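Observations on chain architecture
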Amino acid sequence: VLTDIYAAREEPIPGVSASRIAEHITVPVRYVPSRHHLPRVVHGLVRDAGAAGTVVVGMGAGCIAEFPRALLDEIDR
């Protein structure tokens, strides 16, 4: 699952975006344009997989640190 990327202290690289990266990945990928939708999307993917003990790894910078708590909140709904 990929969400939007952004430049932090550097200039953005023209033509580089998460959606463009997703277009070139050769394994199944899901592009979610807003990080705010990640918890619901990831929860749905894990639930649909039906695999007990599924491990979710989130990587990113900045506000992505809010993802683990938001995912747990989504699971508890």
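Residues numbered from 1 in each chain as written. Predicted model: local features only at pLDDT ≥ 70, side-chain atom pairs only at ≥ 80, totals over all residues. Heavy atoms only, no water.

With that settled, the discussion passes to the overall build of the chain. Helix and strand counts for the chain stand at three helices and two strands. Order of helices (α) and strands (β) in the chain, N terminus to C terminus: β-α-β-α-α. For the chain, the spread of C-alpha atoms along the principal axes amounts to about 40 × 25 × 15 Å. Taking contacts inside the chain between residues at least 6 apart in sequence as the whole, the part at least 24 apart equals 60%. (Helix = DSSP H or I, 4+ residues; strand = E, 2+ residues; numbered from the N terminus. Contact = heavy atoms within 4.5 Å.)

If you look at the biggest cluster of nonpolar residues, it comprises seven residues: V32, L38, V41, V42, I64, F67 and L71. Ranked by the residues each element gives to this core, the list is headed by helix α2 (residues 38–49), at three residues. Excluding its chain neighbours within four sequence positions, the residues that come into contact with L38 are V1, T3, V32, I64 and F67. (Core = buried A, V, L, I, M, F, W, Y, C linked by side-chain atoms within 4.5 Å. Buried < 20%, exposed > 50% of the residue type's maximum accessible area, 1.4 Å probe, protein only.)

All right, on to the packing of α2 against helix α3 (residues 67–76) then. Across the interface, α2 lies against α3 with an axial gap of 8 Å and an inter-helix angle of 60°. Between α2 and α3, the crossing angle belongs to the class labelled oblique. In this structure, α2 meets α3 at a crossing whose hand is right-handed. Where α2 approaches α3, its residues L38, P39, R40, V42 and H43 are matched on the opposing element by F67, A70, L71, E74 and I75. Tallied by class, residues from the contact of α2 with α3 come to seven nonpolar, one polar and two charged. (Axes fitted to C-alpha atoms, helices over the stretch in contact; angles between N-to-C directions. Parallel < 35°, antiparallel > 145°, perpendicular 65-115°, else oblique. Left-handed = near helix turned anticlockwise from the far one by under 90°. Nonpolar A, V, L, I, M, F, W, Y, C, P; charged D, E, K, R; others polar.)

All right, on to the pattern of salt bridges then. Counted by the stated rule, this structure contains five salt bridges. In this structure, E74 engages R40 in a salt bridge whose closest nitrogen and oxygen atoms are separated by 3.6 Å. A residue pair is termed long-range when its members are at least 10 positions apart, and E74 in helix α3 and R40 in helix α2 qualify at 34 residues. The class of R40 is exposed, set by a relative accessible area of 52%. When the shortest N-O distance is used, the salt bridge between D73 and R69 registers 3.2 Å. Here D73 pairs with R69, and both are found in helix α3, just four residues apart, close to one helical turn. For D73, a relative accessible area of 42% translates into the label partly exposed. (Salt bridge = Lys/Arg side-chain N within 4 Å of Asp/Glu carboxyl O.)

Nothing here speaks to function; it is geometry throughout.
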